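Analysis of the macromolecular model
Letter by letter, the chains look like this.
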Amino acid sequence: MIVNKIVNRIGRHLLLTRHTINKEMALMLKSILDLLFPPRCRICKKVASDPICESCAGSFMRIAGNLCTKCGKPCLREVSMCRDCSGKTLYFTCARSGGSYAGALKDAIRHLKYKNGKKLAPHLARFASKAAAEFIDDISAIAFVPLTAQKEAKRGYNQSHLIAQELAAIYNKPLYRGLIKIKNTPDQNKLGLIERSKNVKGAFELNLPIKGKILLVDDVYTTGSTVNECAQQLIKGGAEEVFVLTVARTPLGGT
C-alpha cells in the first residue's frame, strides 16, 4: 500500500511537470512567433496587441442623438416611426445599433464575416452592447439571425452567433439557439431595397419553444427585413416581445 502511494505521487508529479513544460514551451513558441510575425490590427495593419487597435476602435462612429424610436435610425428630430418604417408591419418592439456602417467599423464587420475574423467578435459585441442599455434588464434570452446549415458550413461559423454569444456572456443571459434558417436565399446586400423583404419571406422557423422578451442580434441593419422576419417567427413561437440589436446600421432615406 505504501509503495502504491509513492508510485501515485511520483506519477502525479511527472504529469504536473510535463504539463508545466508543455505550457512553458507553448509560451516560448508564441513569443518567438510574435517576435518574427508581430500581431497586427486587422483594419489598419499596424502592429497591435489586439485584433483591433485603439486608434481604429476609437474611430467607430457611434449612433447618438435623435432617433426613430422604432428602428433606431438617426433623425433630425425624435420620431416614433420614420420614413423607413412607415407602411410596414414591424414585429419587433424596437431596434438599436451600435454605430454607422462606415469607415473602420464597416471594415471590421466585413473582416468578421468574410475574412475569418472571428477574433473581432468580442470587440464588436462590447461596442454594440451600450446601445441595448434601455431594454436589456427585461430581456429573458438572446437569439441571433441564423444562416442555413450549408452556408454556415461553408463559412465555418455564423458571425451573428459569435456576437450574440459574447453578448450573452456580457449580460449573463441565456443564448437561444432555436431560430433556424430553412431556405437558401441570395445575400441581402446583392438585392435592391424592395426585393429584400420578399427574399427572406418564409426563410426562418423555430425548432425550440420560446417565451419572454427576446433580444435578437445581427451584424448590420439595413432595411430591417431580415430581423423583422425573424422577429415574426419568434412572436409566433411564443415570445412576448422582440428587441433588435445590431453592431451597425446602414443609413437610408430621410426622416
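Rules used in this analysis
Residues numbered from 1 in each chain as written. Predicted model: local features only at pLDDT ≥ 70, side-chain atom pairs only at ≥ 80, totals over all residues. Heavy atoms only, no water. Helix = DSSP H or I, 4+ residues; strand = E, 2+ residues; numbered from the N terminus. Buried < 20%, exposed > 50% of the residue type's maximum accessible area, 1.4 Å probe, protein only. Contact = heavy atoms within 4.5 Å. Phe/Tyr/Trp six-rings, centres within 6.5 Å; stacked < 30°, edge-to-face > 60°. Polar contact = N/O pair within 3.5 Å; in protein donor to acceptor, adjacent residues only side chain to side chain. Expected span 1.5 Å × (residues − 1). Axes fitted to C-alpha atoms, helices over the stretch in contact; angles between N-to-C directions. Parallel < 35°, antiparallel > 145°, perpendicular 65-115°, else oblique. Left-handed = near helix turned anticlockwise from the far one by under 90°. Nonpolar A, V, L, I, M, F, W, Y, C, P; charged D, E, K, R; others polar. Pairing = 2+ DSSP bridges. Right-handed = clockwise from strand over helix to strand, strands pointing away.

Here we come to the overall build of the protein. Across its full length, the protein holds 8 helices and 6 strands. In sequence order, the protein lays out its α and β elements as α-α-β-α-α-β-α-α-β-α-β-β-α-β. For the protein, the residues scored as buried account for 45% of the 255 residues in total. Taking the contacts inside the protein whose residues are at least 6 apart along the sequence as the reference set, 72% of them involve residues at least 24 apart.

Summarising the element assignment, H123 is placed in helix α4 (residues 121-129). Among all residues touching H123, those that are not within four sequence positions of it are D50, P51 and I52.

Under the counting rule described, the total for this entry stands at 3 aromatic pairs. Taking 5.2 Å as the distance between ring centres and 80° as the angle between the ring planes, the aromatic pair formed by F60 and F127 counts as edge-to-face. Of this pair, F60 sits in the loop between α2 (54-58) and β1 (94-100) while F127 sits in helix α4, and the two are 67 residues apart along the sequence. Each member of the pair F60 and F127 is classed as buried. Judged by centre distance (4.9 Å) and plane angle (25°), the ring pair of F135 and F243 falls under stacked. A residue pair is termed long-range when its members are at least 10 positions apart, and F135 in the loop between α4 and β2 (141-144) and F243 in strand β6 (residues 239-249) qualify at 108 residues.

Inspection of the secondary structure assignment puts A168 in helix α6 (residues 159-171). Given the relative accessible area of 9%, A168 is considered buried. Residues A168 and A125, 43 residues apart in the sequence, show an inter-C-alpha distance of 9.7 Å.

Let us look at the environment of K113. Turning to its location among the elements, K113 is positioned in helix α3 (residues 103-114). Looking at K113, the relative accessible area reads 16%, which means it is buried. For the pair K113 and Q159, spaced 46 residues apart in sequence, the C-alpha to C-alpha distance is 5.9 Å. Once residues lying within four places of it in the same chain are set aside, the contact partners of K113 are R155, Y157, Q159 and D219. A distance of 3.2 Å separates a polar atom in the side chain of K113 from a polar atom in the side chain of D219.

On to α6, then. Each α-helix turn comprises 3.6 residues. Residues three or four places apart therefore point the same way. An ideal rise of 1.5 Å per residue puts 18 Å on 13 residues; α6 measures up with 18 Å between its terminal C-alpha atoms. In this fold, the buried residues of α6 make contact with α3, α4, β2, α5 (149-155), β5 (212-221) and β6. N-capping of α6 is provided by N158, with a side-chain oxygen placed 3.0 Å from the backbone N of S160. N172, located one to two residues past α6, shows a positive phi value of around 55°.

At a closest axis distance of 8 Å, the pairing of α4 and α6 adopts a crossing angle of 60°. Considering the angle they form, α4 stands oblique to α6. Crossing hand, α4 versus α6: right-handed. For the pair formed by α4 and α6, the contact residues are A121, P122, A125, R126 and S129 on the first element and L162, I163, E166, L167, I170 and Y171 on the second. Grouping the constituent residues of the contact of α4 with α6 by class yields 8 nonpolar, 1 polar and 2 charged.

Looking now at the sheet that holds β6. If you trace the 4 strands from one edge of the open sheet to the other, you get β1-β6-β5-β2, paired in parallel fashion. Of all strands in the sheet, those with a lone pairing partner are β1 and β2, marking the two edges. Here the strands of the sheet are splayed against their neighbours by 25° on average, with no regard to which way each runs.

A word on helix α8 (residues 225-236). Taking 1.5 Å per residue as the helical rise, α8 with its 12 residues ought to reach 16 Å, and the 17 Å between its terminal C-alpha atoms agrees with that figure. The element α8 is extensively covered by neighbouring structure, given that 10 of its 12 residues are classed as buried. Positive phi appears at G238, one or two residues downstream of α8, with a value of about 125°.

Most of β6 is tucked away, with 9 of its 11 residues classed as buried. Pairing of β1 with β6, which is carried by 6 bridges, proceeds in the parallel orientation. Following the sheet pairing, R96 is matched in β6 by L245. The parallel pair β5 and β6, bridged by α8, forms a crossover whose chirality is right-handed.

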